[in-house]
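Residue-level structure breakdown
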There are 4 protein chains.
Amino acid sequence: MISVGVIGYGYWGPNLVRNFAELPDARVAWVADLRADRLAPLAARYPATRTSTSPADVLNDPSVDAVVIATPVQTHFELGMAALRAGKHVMMEKPLAATSEEAARLVEDAERRRRALMVDHTFVFTPAVQKMRDLTGAGELGDLHYYDSVRINLGLFQHDVNVLWDLAVHDLSIMDFVLGRRPVAVSASGLAHVEGSPENIAYLTMFFDGRLIGHVHVNWLAPVKIRRTLVGGSRRMLVFDDLEASEKIKVYDRGISVDQSPDNVTQMRIGYRTGDMWAPQLPIREALHAAARHFIDMISTNAPSASDGHAGLRIVRVLEAATQSMASQGRPVTIAAGAAV
Amino acid sequence: MISVGVIGYGYWGPNLVRNFAELPDARVAWVADLRADRLAPLAARYPATRTSTSPADVLNDPSVDAVVIATPVQTHFELGMAALRAGKHVMMEKPLAATSEEAARLVEDAERRRRALMVDHTFVFTPAVQKMRDLTGAGELGDLHYYDSVRINLGLFQHDVNVLWDLAVHDLSIMDFVLGRRPVAVSASGLAHVEGSPENIAYLTMFFDGRLIGHVHVNWLAPVKIRRTLVGGSRRMLVFDDLEASEKIKVYDRGISVDQSPDNVTQMRIGYRTGDMWAPQLPIREALHAAARHFIDMISTNAPSASDGHAGLRIVRVLEAATQSMASQGRPVTIAAGAAV
Amino acid sequence: MISVGVIGYGYWGPNLVRNFAELPDARVAWVADLRADRLAPLAARYPATRTSTSPADVLNDPSVDAVVIATPVQTHFELGMAALRAGKHVMMEKPLAATSEEAARLVEDAERRRRALMVDHTFVFTPAVQKMRDLTGAGELGDLHYYDSVRINLGLFQHDVNVLWDLAVHDLSIMDFVLGRRPVAVSASGLAHVEGSPENIAYLTMFFDGRLIGHVHVNWLAPVKIRRTLVGGSRRMLVFDDLEASEKIKVYDRGISVDQSPDNVTQMRIGYRTGDMWAPQLPIREALHAAARHFIDMISTNAPSASDGHAGLRIVRVLEAATQSMASQGRPVTIAAGAAV
Amino acid sequence: MISVGVIGYGYWGPNLVRNFAELPDARVAWVADLRADRLAPLAARYPATRTSTSPADVLNDPSVDAVVIATPVQTHFELGMAALRAGKHVMMEKPLAATSEEAARLVEDAERRRRALMVDHTFVFTPAVQKMRDLTGAGELGDLHYYDSVRINLGLFQHDVNVLWDLAVHDLSIMDFVLGRRPVAVSASGLAHVEGSPENIAYLTMFFDGRLIGHVHVNWLAPVKIRRTLVGGSRRMLVFDDLEASEKIKVYDRGISVDQSPDNVTQMRIGYRTGDMWAPQLPIREALHAAARHFIDMISTNAPSASDGHAGLRIVRVLEAATQSMASQGRPVTIAAGAAV
């Protein structure tokens, strides 16, 4: 039985508590939040869970094995380091930290102390993204050509981070998981339409070694909601539309064939192949349940994971480089591999 | 009665001939194409139209007032200059020329000789784009925030130009017409998935003075066909989906309001406004008919036009800068205003 | 403060309790259900609410002003009559009763005893249906021509009632409210694909006086989910698609015009009018909250209502006639007006 | 080489002439139409084709092997009989005739004279309908449960036939071909919204032996265009949406399973199965080309065909019975098998 403490009980906190409470081998020992009024309703529903307005109460309790940190990103590093120092395993809300340096230090510290460090990239645990990963992993798409994602809607404007850190973080974590490849450079552009606010519209291109390119379009100021990802491969291409009630994933047996005879180098012929479309049935389950399950398993097995701190660090490095590129109108920024990865 | 010669009778040629033939004050005197077999079927349908495999026959005929040039872009400059030297008015297929220098010289030469020079940006003459222009021109969208367009499908790969020159040229001409603003710099990225071919996927960001940004995504290797443009403004936002049978334009009374009291500079509140959606009925008419009509009118009035050589030059400058930026992974490239504009 | 007892705590029960509990001038005094295990979770959430496995406990408590009956339809009559006899106001889940005779007796008894009798036609309280009613009521659609609704999906097969009583009851209550007209005859057809089960697919035509026709298609065995209603009028037509996230209601300025000169009776010309489409923004609110509010208001004002027992009786009469017609392959069945209406 | 005469050169005539002209083993010898102005443009395009304003010229030419009759339905019988008497093979536009008696006499006469009689049910030759037939024929859908089709739009109101004869004829011919079953009775309802005009909205239920039901909804006065057919089977269900650019056919691995233990007759459990969706790629080809090809093949092989006069008669019988039922508000009308079928 793993004893879990949750630090930060805002929008996502109740979902975290509920899902950990439902696991047979975990129990939610503590919930901490600076706002006492947020904690009040917990007592009736989870009488065995203690509450506090001080994270220290959670970290100082030696019976707590692991903490889940769901606070604003600026506090991730300090709380995460304190938790690791207290010997706790840590599940961190995305993004892992506000800078890649902070993220790298969290990863290093967790490794040195042999504690599990997981980032809650919840989308990675959805049936749709798992299916995409199965398809790319099995080579069903062939050589990967591009990853293109649009995540736009009206609101919610954030005050502390730009739209990349708020929305693109989802696409980056999905892309990292589905492609299993890391970009070597980025070029990003964006704009803030409200004076004094961070960028609310952004475009991010990611360059990979080989013939692979990634792109993300995020926007808080769109008239319509779109959540659509295209993944192009040499054998097949797929569309992931998260707003479809069913048929979220459609796999298209489409592409090109290149006929390049030796006599005819300059006159290659390109043929177009259009075959069937197939929408695999996806199981219905809550992604956060699988994420919570995964964290508990990480603690016991201590195995590397596609959602561990290294993944979190990779995402933060891209976000950081993208923000840097965005400040200079798309100037490309190389992503250092870094010691921790 | 304007006597028109058409040079180049490929995919688009028959449409050009038909539309000019239908105008009461124009007649198609000549059609020239290097391939004699292309010309053969013309005789039965247009017995009064002469054909030739040599453009010189058209240009040397003093009774010809105007020529329409629908040949590959690499030939635009030479044919256009020859036509202007021969005293003809010129309608050029898009893009106007293969380089901005060539385009600028065509513009200068036409002005010096007082000949009409029009570029066939056909989309500008569609009812949907005209409606968009009416809405922005009347201030219905408020201050313009962004222009975002996606134009993707499977095929046709071009051998001589990259996907920006083939597909983005449409978006750029629409954007130029609808916004009435010109970008000052661009950042573009793209990739060729076929060895030795031009880029088949590209992303292009355009920076404007003030709080306006533009972006175009074009792709010849997509599993699905998408033709969708978003235009965001401070009062309203619109979606133009060219694949909709009706309701191509949807105008959304949505946006944000910023409440920024003097006491409270750092804590501004953003409100979200979601009102009605409205899809104006659009007339049904062939855009190329209106384009042909426009060319004949330009000849007689000699007035500036949103589709004249200057517009063609503006588009070519963006394409040229974008191609340059794409070669260096998004490094921003400034667009010089240039003497001719 | 109205004291409410809820009888029947199945699928819908928790929603009823929550919504009545949220009203400032109502309290949920009792919840009764035959299954003790259903009642167990109530205590933690609603400590002031008493529970029982016997409806009699609710009806015998003189402090209870009103009861909400959410039990299987076969029990509606007996429970409803008992509640009225006990002097309670009654809100009944749809359909009001299993036969029109039972429904009529409930209506009569409620009127005689001056008790409120409301049927929970929840859809009538949705913003979309209220908007439709506003549009028809204001004459925006002109003369009403037809009402056509499709409500199909896979599951849930009911054992005790056919698909008309389960699904079409929604359409009939919406139609009754939106049109404000009652059909004079029906023709229905349907089929049971499972031996020994009630019909799982059904088609129902309703005939009105004048040039108005209604039709409902319901199906538990469809590959896709559809919830779409068309309302045709002489001035405008509308589409209500309940699966749209926003834009549930689209109003089309389309129709025909008939040009019938006296000289030319046999050669009338029909013109087609296609104007703008308009999707009014709808408020976001829970329909059941408004329904609960309405019941409490009915009790205090004692005014007639579009959701009172008479409406429930009208719906049951149509369902009864339709089931009769369905048994004889569409033979038309007249709907008697009846004394209670 | 089959020599073909086309009688009636209205909306559909040019398509017929073009497709027969493109067949290598057919030639269009004659085109007749009462309106001389309709015939004028033919000479330029088809110089070898003779034209006349009198059908007799076509029928009296002994070199003509076959005639295609594309005139209003009221003239089908007389022209068809005259053609058969003249020894011609006949391809008739749908519907075959204005009454089942006329249709039966055409069938009988063609058989007696050993002439081919085909009805141009063009939809039957589309790739989508052929795929549906392949799927049902191979048992991919299992036992057939229902056929449900919606064919609605704004216009064109016909003056001489009701909406069933104009639009439902398409659905009936598709259904006849795809199911390979014939209804034994029908119930129909409808309404004319224009005084003195035929019904412009109609609903038609078809009853078959066994657990199969069919339904068609047709409407000339709809705000939106819908062309959608559902076919339900015990193993799979499909949706045919003719307005989809690609993916016109979607096959769903969905349905129910019935668990009916002998102990538990009254309490059968129904399980819901939701599997993958699959959209087969369909070839792109013109249906009328295949129909013309089929007619020429019928002439040489003299084999029965799914589009022969018997099929035409079956469709007319359903239309006739439906019109009869519609006149009495859905009273069921039995469809006699009849000697000719």
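Whatever comes next refers back to the structure up there.
Keep in mind it's a predicted model, so treat the numbers as computed, not measured.

Calculation rules
- Residues numbered from 1 in each chain as written.
- Chains lettered and ligands numbered in written order.
- Predicted model: local features only at pLDDT ≥ 70, side-chain atom pairs only at ≥ 80, totals over all residues.
- Heavy atoms only, no water.
- Salt bridge = Lys/Arg side-chain N within 4 Å of Asp/Glu carboxyl O.
- Buried < 20%, exposed > 50% of the residue type's maximum accessible area, 1.4 Å probe, protein only.
- Helix = DSSP H or I, 4+ residues; strand = E, 2+ residues; numbered from the N terminus.
- Contact = heavy atoms within 4.5 Å.
- Buried area = accessible area lost by both parts, 1.4 Å probe.
- Polar contact = N/O pair within 3.5 Å; in protein donor to acceptor, adjacent residues only side chain to side chain.
- Least-squares fit on C-alpha atoms with pLDDT ≥ 70 in both.
- Expected span 1.5 Å × (residues − 1).
- Nonpolar A, V, L, I, M, F, W, Y, C, P; charged D, E, K, R; others polar.
- Pairing = 2+ DSSP bridges.
- Axes fitted to C-alpha atoms, helices over the stretch in contact; angles between N-to-C directions.
- Core = buried A, V, L, I, M, F, W, Y, C linked by side-chain atoms within 4.5 Å.

**Focus on the pattern of salt bridges**
Taken as a whole, this structure holds 52 salt bridges over all chains when the rule is applied. Between Arg35 of chain A and Asp33 of chain A there is a salt bridge, with the nearest N and O atoms lying 2.9 Å from each other. Under the relative-accessibility criterion, Asp33 of chain A is labelled buried at 6%. Of the charged contacts, one joins Arg314 of chain D and Asp176 of chain D as a salt bridge, the two residues approaching to 2.7 Å between their closest N and O atoms. With Arg314 of chain D in helix α10 (residues 309-326) and Asp176 of chain D in helix α8 (residues 163-179), this pair connects stretches of sequence that are 138 residues apart. Members of the salt-bridge network, linked through shared partners, are Asp25, Arg293 and Asp297 of chain A.

**Side note on the environment of Arg285 of chain B**
Examined against the element boundaries, Arg285 of chain B turns out to sit in the loop between β14 (269-279) and α9 (287-301). Sequence-wise, Arg285 of chain B and Pro127 of chain B are 158 residues apart; in three dimensions their C-alpha atoms are separated by 7.4 Å.

**Focus: the interface of chain C and chain D**
Facing the 56 residues of chain C at the interface are 56 residues of chain D. Among the residues of chain C in contact with chain D, Arg211, Pro223 and Gln329 of chain C are the three that bury the most area, contributing 14% of the side total. Counting across the chain C and chain D interface gives 2 salt bridges. For Glu195 of chain C, the salt bridge identified is with Arg211 of chain D, shortest N-O distance 2.7 Å. Taken together, chain C and chain D are joined by 19 residue pairs in polar contact (both at pLDDT 80 or more). Looking at the side of chain C that touches chain D, the elements that each hand over two or more residues are β7 (144-154), β8 (185-191), β9 (201-207), β10 (213-219), β11 (221-233), β12 (237-241), β13 (249-259) and β14 (269-279) of chain C. If you tally residues by element for the side of chain C that touches chain D, the top one is β11 of chain C, at 7 residues.

**Quick look at the relation of the copies chain A and chain B**
In the superposition of chain A on chain B (RMSD 0.0 Å, axial shift 0.0 Å), the rotation amounts to 180°. Between the two chains, the operation in question is that of a two-fold axis. Residue Arg331 of chain A, judged by its C-alpha, is the member of chain A lying nearest the rotation axis, at 2.1 Å. Looking at chain A, 100% of its interface residues are interface residues in chain B too, so the copies touch through the same face.

**Quick word on helix α6 (residues 100-112) of chain D**
Residue and element names in this part refer to chain D. Over its 13 residues, α6 runs 18 Å from end to end, which matches the ideal 18 Å to within 8%, given 1.5 Å per residue. Those residues of α6 not exposed but buried are Ser100, Ala103, Ala104, Leu106, Val107, Asp109 and Ala110. Against α5 (76-85), β5 (89-93), β6 (117-120) and α10 lie the buried residues of α6.

**A short note on the interface of chain A and chain B**
At the junction of the two partners, chain A supplies 56 residues and chain B supplies 56 residues. Of the roughly 4800 Å² buried where chain A meets chain B, counting both sides, 68% is carbon and sulfur surface. Of all residues in chain A, Arg211, Pro223 and Gln329 of chain A bury the most surface against chain B, accounting for 14% of the area lost on that side. Taken together, chain A and chain B are joined by 2 salt bridges. The interface formed by chain A and chain B includes 19 residue pairs in polar contact (both at pLDDT 80 or more). Residue assignment for the side of chain A that touches chain B shows that the elements contributing at least two residues are β7 (144-154), β8 (185-191), β9 (201-207), β10 (213-219), β11 (221-233), β12 (237-241), β13 (249-259) and β14 (269-279) of chain A. Examining the composition of the side of chain A that touches chain B, we find that 7 residues originate from one element, β11 of chain A, more than from any other. Class assignment of the residues belonging to the side of chain A that touches chain B gives a composition of 30 nonpolar, 19 polar and 7 charged.

**Thoughts on the sheet that holds strand β3 (residues 50-52) of chain B**
Residue and element names in this part refer to chain B. Taking strand neighbours across the sheet as the criterion, the 6 strands line up as β3-β2-β1-β4-β5-β6 in an open arrangement whose pairing is parallel. Of all strands in the sheet, those with a lone pairing partner are β3 and β6 (117-120), marking the two edges. Pairwise comparison of adjacent strand axes, ignoring direction, gives a mean angle of 20° for this sheet. Of the strand pairs in this sheet, strand β4 (residues 66-69) and strand β5 (residues 89-93) are connected by 4 bridges, and their pairing is parallel. Of the residues in β5, the one forming a bridge with Ala66 is His89. Across the sheet, helix α1 (residues 13-22) lies against β1 (2-7), β2 (26-32), β4, β5 and β6, angled at about 155° from β2, the strand it touches most.

**Some remarks on the relation of the copies chain C and chain D**
Taken as rigid bodies, chain C and chain D are interconverted by a rotation of 180° and an axial shift of 0.0 Å, the fit giving an RMSD of 0.0 Å. Of the residues that chain C buries at the interface, 100% are likewise interface residues in chain D, meaning the two copies contact each other through the same surface.

**Thoughts on the sheet that holds strand β2 (residues 26-32) of chain C**
Residues and elements named next belong to chain C. Overall, parallel pairing links the 6 strands, which are arranged β3-β2-β1-β4-β5-β6 in an open sheet. The sheet is open, and its two borders are formed by β3 (50-52) and β6 (117-120), each paired with just one other strand. Taking each pair of neighbouring strands and ignoring which way they run, the sheet shows an average axis angle of 20°. Pairing geometry for strand β5 (residues 89-93) and β6, over 4 bridges, is parallel. Within the sheet, the bridge partner assigned to Glu93 lies in β6 and is Asp120. Set on the sheet, helix α9 (residues 287-301) makes contact with β1 (2-7), β2, β4 (66-69), β5 and β6; between it and β6 the angle comes to about 175°.

**Quick notes on the nonpolar core**
Within the largest apolar cluster, 255 residues are counted, with the highest numbers of intra-cluster contacts made by Phe20, Leu164 and Leu204 of chain B together with Phe20, Leu164 and Leu204 of chain C. For Phe20 of chain B, the contacting residues outside a window of four places in its chain are Val4, Ala26, Val28, Val68, Met91, Ala292, Phe295 and Ile296 of chain B. The next biggest cluster of nonpolar side chains, apart from the first, holds 252 residues, and it includes Ile270 of chain C together with Phe20, Val216 and Ile335 of chain D.

**Re the environment of Ser234 of chain C**
Residue and element names in this part refer to chain C. By the secondary structure assignment, Ser234 is in the loop between β11 and β12. Sequence-distant contacts of Ser234, that is, excluding residues within four places in its chain, are made with Leu141, Gly142, Asp143, His145 and Arg273. A distance of 2.8 Å separates a polar atom in the side chain of Ser234 from the backbone nitrogen of Asp143.

**Some words on the side chain of Thr126 of chain C**
All names here are of chain C. Considering the arrangement of structural elements, one finds Thr126 in the loop between β6 and α7 (127-137). Among the residues examined, Thr126 registers a relative accessible area of 17% and is labelled buried. At a separation of 2.7 Å, a polar atom in the side chain of Thr126 contacts the main-chain carbonyl oxygen of Phe123. When residues no more than four places from it in sequence are discounted, the contact partners of Thr126 are Arg285 and Ala287.

**Focus on the side chain of Asn219 of chain B**
In this structure, Asn219 of chain B sits in strand β10 (residues 213-219). Filtering out sequence-adjacent residues up to four positions away, Asn219 of chain B remains in contact with Tyr146 of chain A together with Arg151, Ile152, Asn153, Val163, Leu167, Asn200 and Ile201 of chain B.

**Observations regarding unusual backbone geometry**
With an omega of -20°, the peptide bond running from Gly155 of chain A to Leu156 of chain A counts as cis. Positionally, Leu156 of chain A belongs in the loop between β7 and α8 (163-179). Following Lys94 of chain B, the chain continues into Pro95 of chain B via a peptide bond in cis, with omega recorded as -10°. Looking at where Pro95 of chain B falls in the secondary structure, it is placed in the loop between β5 and α6 (100-112). Even without glycine at this site, Gln329 of chain A takes up a positive phi of about 55°. Within the element layout of this structure, Gln329 of chain A appears in the loop between α10 (309-326) and β15 (333-334).

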